[in-house]
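Geometric and topological summary
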Amino acid sequence: MTPLFALLFDSVDQRLRLRKPARKTLNKVFPHHWSFLLGEVAVFSFVILVLTGTYLTFFYRASTDPVIYTGSSSLYDGVRLPAAYESVIRLSNDVPGGLLFRRLHRGASHLFIASTVLHMLRILLTGAFRQPREPNYLLGIVLFMITLGSGFTGYSLLYDSLAGTGIRIAYSSLLAFPFIGDQLAFWVFGGEFPTGDVIPRFFVLHVMLLPGLLIGLVGLHLAILVRQRHTQFPRRGVDGHQFILGKPLWPSQVAESATLVLWIGGLLAVAAVLVPWSDVSLLGPYVPGEVGNNAQPDWFMFWLDGMLRMFPAFEWSLPGVTINGVFVAGILLPGLVFGALILYPFLEKRVYRLEGDWHVLQNPLDIPLRAGFGLGTFSAILFMSAAATSDQLSRITGVPIEGVLWFWRIMTLFAPPLLALAIYRYSRRRLARRDLEVAPGESAESQDLAGASPAHD
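So, a few notes on the structure that sits alongside this text. (Residues numbered from 1 in each chain as written. Predicted model: local features only at pLDDT ≥ 70, side-chain atom pairs only at ≥ 80, totals over all residues. Heavy atoms only, no water.)

As for its placement among the helices and strands, Thr54 is situated in helix α3 (residues 38-57). Each C-alpha atom of the pair Thr54 and Ser161 lies 25 Å from the other, and the pair is 107 residues apart in sequence. (Helix = DSSP H or I, 4+ residues; strand = E, 2+ residues; numbered from the N terminus.)

The following block contains the structure:
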């Protein structure tokens, strides 16, 4: 059989000339560090999402029209339900393997988003966004925004009480957009909420447009990664701007990635069997006009929900436009967060006058501006996320919910700047102490921030 495959490969290579680029790709060096696997976890989780989602689309009905459920669930037998919610109940109770695939899909979605967040944190804190990797960093921000949109449309398709509340909030946020709010809300929802067009439109977004964008942009993201050399953590005695210390793609990295795939698939399968999540029957279908006080979205939307809860209700009427709290908390502030993430690499480059290409990663404490920005930004996001649980905290502690919200308002407003300032000053003192330990006339910070000459694979 070996000569047959060799002959087949030679025949293909004569036409496509794959041997030389394939050899170069297989010899590409990957650094040794567990944090570099976070991106692979995200990619493998996305593949599982696509595979399980394809199965689920065979049984899902993208409609809010009322139908009568006649399946095996005694809780809803003979009850009139929205078609989308009814199909999820039927999928969970009457389709062989339906609940397993739903749980696999749900678990993979959480793992995909969580690994994407951690991957972004690693890139930001270690300085992997610096020249020549700014385009891939910006592409990663776009991918993360699409990922959040995909997650939101995904749990909205269930059309349970939680999903309906989230859709209503999204509609209100779009409607609050100055000048074009009415047109924007109509374009997305197809009419005044609640409208029957929202689930079919979200279905198209979730299973076609957003996955297509993710596949295309992830492919571009990986292509840029392959084209450029890998970053790596500093190693004593190794010039990381000139050499990469690691393992080749074949066979070492391929074996490691294959093992990672098996672990991810196995852990998701075990979680799908043992963890009773995705039980939408406990939430009930969405009924327009009704909302529970404890309707929290999925964790990755907590920070947006927390901002909407904390921000006071107001309305400013200006000539030709009205600005209200929903727009500020639901559109403007999230836009500022993503704007700050986009602009930060260029700010750091300007402040520290960085020149040349950078291939060696850094401890964020070695760059005071980065340490302050990272801790300040993400602590604010964590406080906003905590505010989304204000009703639960009120019930547990007995403190009125308005008091809990005021606590998180004060923490979100004052704690992040104070934390950012504290870590910034600590980083400066740390660098000053290190300066005393190096040769006179050359500071440790200058060693870290000196312009690096271009390197080659």
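Moving on, we get to the nonpolar core. Core analysis: the largest hydrophobic core is formed by 59 residues, its most contacted members being Ile167, Phe189, Ile199, Phe202, Trp303 and Leu341. Beyond its immediate chain neighbours, meaning those up to four positions away, Ile167 contacts Phe152, Ser156, Tyr159, Phe189, Phe193, Val198, Ile199 and Phe202. Ile48, Ala108, Phe112 and Ala272 belong to the second-largest nonpolar core, a separate cluster that totals 20 residues. (Core = buried A, V, L, I, M, F, W, Y, C linked by side-chain atoms within 4.5 Å. Buried < 20%, exposed > 50% of the residue type's maximum accessible area, 1.4 Å probe, protein only. Contact = heavy atoms within 4.5 Å.)

Using a probe with the size of a water molecule, rolled over the atoms, empty space left in the structure can be pinpointed. In this structure the tally under the stated criterion is 3 cavities of 30 Å³ or more. The space that makes up the largest cavity amounts to roughly 80 Å³. Around the largest cavity, the lining residues are Phe129, Arg130, Gln131, Glu134, Pro345, Phe346, Glu348, Lys349, Leu354, Glu355, Gly356 and Trp358. Residues belonging to the lining of the largest cavity are distributed by class as follows: 5 nonpolar, 2 polar and 5 charged. (1 Å grid on protein atoms, 1.4 Å probe; cavity = no way out; pocket = protein on both sides within 12 Å on 5 of 7 lines; lining within 4 Å. Points joined across faces, edges and corners; volume = space filled by probe spheres on them. Nonpolar A, V, L, I, M, F, W, Y, C, P; charged D, E, K, R; others polar.)

What follows is about the packing of helix α4 (residues 83-93) against helix α5 (residues 98-126). At a minimum axis distance of 5 Å, the contact between α4 and α5 shows a crossing angle of 110°. Put simply, α4 runs roughly perpendicular to α5. For the pair α4 and α5, contact is made by Val88, Leu91 and Ser92 and by Gly98, Leu99 and Arg102, respectively. Each residue belonging to the contact of α4 with α5 can be placed in one class, and the counts come to 3 nonpolar, 2 polar and 1 charged. (Axes fitted to C-alpha atoms, helices over the stretch in contact; angles between N-to-C directions. Parallel < 35°, antiparallel > 145°, perpendicular 65-115°, else oblique.)

We now examine the layout of surface pockets. By volume, the largest pocket is sized at about 1,300 Å³. Taken together, 36 residues line the largest pocket, and the ones lying closest to its centre are Gly149, Phe152, Ala170, Leu174 and Met301. Secondary structure elements with two or more residues in the lining of the largest pocket: α6 (134-156), α7 (161-175), α8 (181-189), α9 (198-227), α11 (302-310) and α12 (325-352). Split by residue class, the lining of the largest pocket holds 27 nonpolar, 7 polar and 2 charged. In this structure, the second largest pocket encloses a volume near 1,000 Å³.

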